[in-house]
Amino acid sequence: MKLIKIIPVLAMMFVMLMVGCNDENENIDDISIPNVSSTMPGDNDTKVAHDTNIVATFSEEMEPSSINVSTFMIKQGDTDISGGVEYSGLEATFTPSVAFAAGSEFTATITSAAKSSNEVNLEADYVWNFTTEGAPSIESTMPVNNDIDIARNINIVVTFTEEMNPSTINASTFIVKQGDTNISGDVEYSGLEATFTPSLALEAGSEFMATITTDAKSISNVNIEAAYEWNFTTEVVPTVLSSIPANNDIDVARNTILAITFSEEMDPSTINSTTFIVKKGNIDITGNVEYSGVVATFTPSVVFNAASEYTATITTGAKSQKGVN
């Protein structure tokens, strides 16, 4: 009879042990290993804004004290990037102390010392790379560097390699100088182009320097790496090389045709009876003005008076083919 009583007791103990084992196995199965489910920027992302914050999202809630600058690190090559780390929800955020260098590759790491709220470490370090966007630069200018014979009324244009922040393209970042003197003008930006329009025609036969300063920024607020400078020289003022008759000539034939030879080709529309004037005292002499090559001629309507003094004038209204007076 005693044996019969013991068997149920042993059976009950066996069942309890089995239940205990099942509970323990279930608890073990409930504890998962945390991992990084996503990052921003993603692995091998390019053209990342240089002022971006780096974010890692975990698969489960982490122990906040284990998410810090020792477990969330950013490097440029072998150099540690300084910054602060915050954890909230499932996200850890690395905020760099200064903007990342433009056009550079960085490596972000979440080390295996990072733990879940259940004190379970990451299985291994999680590593990803990203590259910041390059600094904007100058693609072209008009006029180009060291250009000569530039029209005095030209607008100076610079084309950037990428879209710029319009608020940073202004008279403080687009500067034109003649020696140490700033040239006044208006600056406009559209598309990829910035245009400097001088308030007055530039001085003829003079050298100018145009500069885009490092305060000019891309639409992502990346500064150009270095100030960009270029030079150009305006065209010279046309001059009169010779005249027939020469200045102060005497005994000039009364039926002579006056001729002026210019230093360069002129705009024919500006060589006429209002810019090539002949007078006797205060009296205008009528005549016909013609222009060919670099020579302008004045043919008087009647012969000149004998033994009389005449004055011939080419006014500043006469312009070269490039519009230079």
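Here we summarise the structure given alongside this text. (Residues numbered from 1 in each chain as written. Predicted model: local features only at pLDDT ≥ 70, side-chain atom pairs only at ≥ 80, totals over all residues. Heavy atoms only, no water.)

A few words now on the sheet that holds strand S17 (residues 207-212). The strand order across the open sheet built from five strands is S11-S18-S17-S13-S14, with neighbouring strands paired in mixed fashion. Unpaired on one side and paired on the other, strand S11 (147-150) and strand S14 (181-182) mark the two borders of the sheet. (Pairing = 2+ DSSP bridges. Helix = DSSP H or I, 4+ residues; strand = E, 2+ residues; numbered from the N terminus.)

Of all five residues in strand S3 (residues 54-58), five are buried; the element is thus mostly enclosed. Covered by surrounding structure in S3 are Ile54, Ala56 and Phe58 together with Val55 and Thr57, the residues of both alternating faces. Alignment of strand S1 (residues 36-40) against S3, held across four bridges, turns out to be antiparallel. Each residue of the ladder has a partner; that of Ser38, found in S3, is Thr57. Pairing analysis gives four bridges linking S3 to strand S7 (residues 91-96), with the strands arranged antiparallel. Each bridged residue has a counterpart across the sheet, and for Thr57 the counterpart in S7 is Glu91. (Buried < 20%, exposed > 50% of the residue type's maximum accessible area, 1.4 Å probe, protein only.)

Moving on, we come to the sheet that holds strand S24 (residues 295-300). Strand order in this open sheet of four strands is S19-S20-S24-S23, and the pairing throughout is antiparallel. The open sheet has two free edges, formed respectively by strand S19 (240-244) and strand S23 (287-292), since each of these has just one partner strand. Strand-to-strand twist across the sheet, computed as the mean angle between neighbouring axes with direction ignored, equals 15°. Sheet topology note: the strand S20 (residues 258-262)/S24 ladder contains four bridges and is antiparallel. Considered in S24, the bridge of Ala259 is made with Thr297. (Axes fitted to C-alpha atoms, helices over the stretch in contact; angles between N-to-C directions.)

Ile156, Val158, Phe160, Ile169, Phe174, Val176 and Ile212 are the most contacted members of the largest nonpolar core, which totals 23 residues. Of all elements in the fold, only strand S12 (156-160), strand S13 (174-178), strand S15 (185-190), strand S16 (193-198), S17 and strand S18 (228-234) reach the threshold of two or more residues within this core. If we ignore the near neighbours within four places in the chain, the residues touching Ile156 are Met142, Pro143, Phe174, Val176, Ala194, Thr195, Phe196, Pro198, Ala210, Trp230 and Phe232. Within the second largest apolar cluster, 22 residues are counted, among which are Ala56, Ala92, Phe100 and Trp128. (Core = buried A, V, L, I, M, F, W, Y, C linked by side-chain atoms within 4.5 Å. Contact = heavy atoms within 4.5 Å.)

Our next topic: the side chain of Thr213. Within the secondary structure, Thr213 is located in the loop between S17 and S18. Among all residues touching Thr213, those that are not within four sequence positions of it are Ser172, Thr173, Ile175, Ile224 and Ala227.

Moving on, we get to the packing of aromatic side chains. Inspection of the entire model under this criterion finds 15 aromatic pairs. Here Phe100 and Phe106 contribute two aromatic rings whose centre-to-centre distance is 4.8 Å and whose plane-to-plane angle is 55°, an arrangement assigned as tilted. With relative accessibility at 1%, the residue Phe106 sits in the buried group. On the numbers, 5.7 Å between centres and 20° between planes, the contact of Phe208 with Phe232 is stacked. Taken together, the residues Phe208 in strand S17 and Phe232 in strand S18 connect sequence positions 24 residues apart. The structure contains a cluster of three or more aromatic residues connected by ring pairs, namely Phe72, Phe94, Tyr126 and Trp128. (Phe/Tyr/Trp six-rings, centres within 6.5 Å; stacked < 30°, edge-to-face > 60°.)

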